[in-house]
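# Observations on the model geometry
Chain residues, written in single-letter form:
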Amino acid sequence: MGITWKHAAASALLALGLLHILFGLARFHPALSAAWHEGLANRFGTDDGRRLAFWFIAFGPPLILCGHLALRAAVANDLATLGLIGLYGCAIGAAGIVAFPQSPLWGLLAVSIVLVAVGRGWLV
């Protein structure tokens, strides 16, 4: 048995979350390091760069969670749940792309479209 669309898309969603965190740690290392050396607590509300770093990295765990849920749904052949996760991802991705067209949210939108297609039975 080969890799199915549902497993590939679910795994891609989980990978997007992990990559979001890893890229955020690398990209925002100076801001995170400065906040760490200042004691971390209450060190993200006063600087736009630090706020961006926090929220960028904080977006990773929900993506990972959705990826895990999608993998569980794929294993259980729960297409309705895969489609629902895809719809939410499409909404977030589309809103983010409208706000920031140059953002990497195109990746989330692509994976989410595949999840919707799997949920509808258009891809197997």
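If you're wondering where the values come from, they're calculated on a predicted model, not measured in any experiment. (Residues numbered from 1 in each chain as written. Predicted model: local features only at pLDDT ≥ 70, side-chain atom pairs only at ≥ 80, totals over all residues. Heavy atoms only, no water.)

### What to know about the packing of aromatic side chains
- A full pass over the atoms with the stated rule returns four aromatic pairs.
- Summarising the aromatic geometry, the rings of Phe-23 and Phe-56 are spaced 5.8 Å apart at their centres and angled 50° between planes, so their arrangement reads as tilted. Taken together, the residues span a long stretch of sequence, with Phe-23 in helix 1 (residues 5-27) and Phe-56 in helix 3 (residues 48-58) at a distance of 33 residues.
- Taking relative accessible area as the criterion, Phe-56 reaches 17% and is therefore assigned buried. (Phe/Tyr/Trp six-rings, centres within 6.5 Å; stacked < 30°, edge-to-face > 60°. Helix = DSSP H or I, 4+ residues; strand = E, 2+ residues; numbered from the N terminus. Buried < 20%, exposed > 50% of the residue type's maximum accessible area, 1.4 Å probe, protein only.)

### Details of the nonpolar core
- Core analysis: the largest hydrophobic core is formed by 19 residues, its most contacted members being Leu-13, Ala-70, Leu-82, Ile-85, Leu-108 and Leu-115.
- Of all the secondary-structure elements, those providing two or more residues to this core are helix 1, helix 4 (60-75), helix 5 (79-99) and helix 6 (105-119).
- If you tally residues by element for this core, the top one is helix 6, at eight residues.
- Setting aside residues no more than four positions away along its own chain, Leu-108 makes contact with Leu-13, Leu-16, Phe-59, Leu-63, Gly-89, Ile-92 and Gly-93.
- The next biggest cluster of nonpolar side chains, apart from the first, holds seven residues, and it includes Leu-32, Ala-35, Phe-44 and Ala-53. (Core = buried A, V, L, I, M, F, W, Y, C linked by side-chain atoms within 4.5 Å. Contact = heavy atoms within 4.5 Å.)

### Thoughts on the UniProt feature "transmembrane region" (unreviewed entry) in the chain
- Per the UniProt entry, the sites bearing "transmembrane region" (unreviewed entry) are residues 52-71, 78-99 and 105-123 in this numbering.
- The span residues 52-71 carries 95% helix and 0% strand; its end-to-end C-alpha distance comes to 29 Å.
- In this annotation, residues 105-123 is assigned 79% helix and 0% strand; the end-to-end C-alpha distance for the span is 22 Å. (UniProt positions renumbered as here; feature names shortened; annotations may be inferred.)

### Here we look at the state of the cysteines
- Taken as a whole, this structure holds zero disulfides when the rule is applied.
- Unpaired in terms of disulfides, Cys-66 finds its nearest cysteine sulfur in Cys-90, a separation of 13 Å.
- The class of Cys-66 is partly exposed, set by a relative accessible area of 30%. (Disulfide = S-S within 2.5 Å.)

### A word on the side chain of Arg-50
- For Arg-50, the position within the fold is in helix 3.
- Apart from the residues lying within four places of it in its own chain, the contact partners of Arg-50 are Ala-31, Ala-34, Ala-35, Glu-38, Arg-43 and Phe-44.

### A look at the packing of helix 4 against helix 5
- Running from N to C, helix 4 and helix 5 point in directions that differ by 155°, and their axes come no closer than 8 Å. With respect to helix 5, the element helix 4 is oriented roughly antiparallel. Seen along the crossing, helix 4 lies across helix 5 with a hand that is left-handed. Counting all contacts with helix 4, which are made through Cys-66, Leu-69, Ala-70, Ala-73 and Ala-74, the residues of helix 5 involved are Thr-81, Leu-82 and Ile-85.
- Residues that form the contact of helix 4 with helix 5 fall into these classes: seven nonpolar, one polar and no charged. (Axes fitted to C-alpha atoms, helices over the stretch in contact; angles between N-to-C directions. Parallel < 35°, antiparallel > 145°, perpendicular 65-115°, else oblique. Left-handed = near helix turned anticlockwise from the far one by under 90°. Nonpolar A, V, L, I, M, F, W, Y, C, P; charged D, E, K, R; others polar.)

### Focus on unusual backbone geometry
- Notably, Asn-77 is not glycine yet its phi reads approximately 55°, a positive angle.
- The residue Asn-77 is located in the loop between helix 4 and helix 5 in this model.

### Regarding the pattern of salt bridges
- Following the criterion strictly, the structure yields two salt bridges and no others.
- Between Glu-38 and Arg-50 there is a salt bridge; the shortest N-O distance is 2.9 Å. Of this pair, Glu-38 sits in the loop between helix 2 (29-37) and helix 3 while Arg-50 sits in helix 3, placing them twelve residues apart in sequence.
- Glu-38 sits in the partly exposed class, given a relative accessible area of 42%.
- Judged by its relative accessible area of 11%, Arg-50 falls in the buried class.
- A salt bridge links Arg-51 to Asp-48, with the nearest nitrogen and oxygen atoms 2.3 Å apart. (Salt bridge = Lys/Arg side-chain N within 4 Å of Asp/Glu carboxyl O.)

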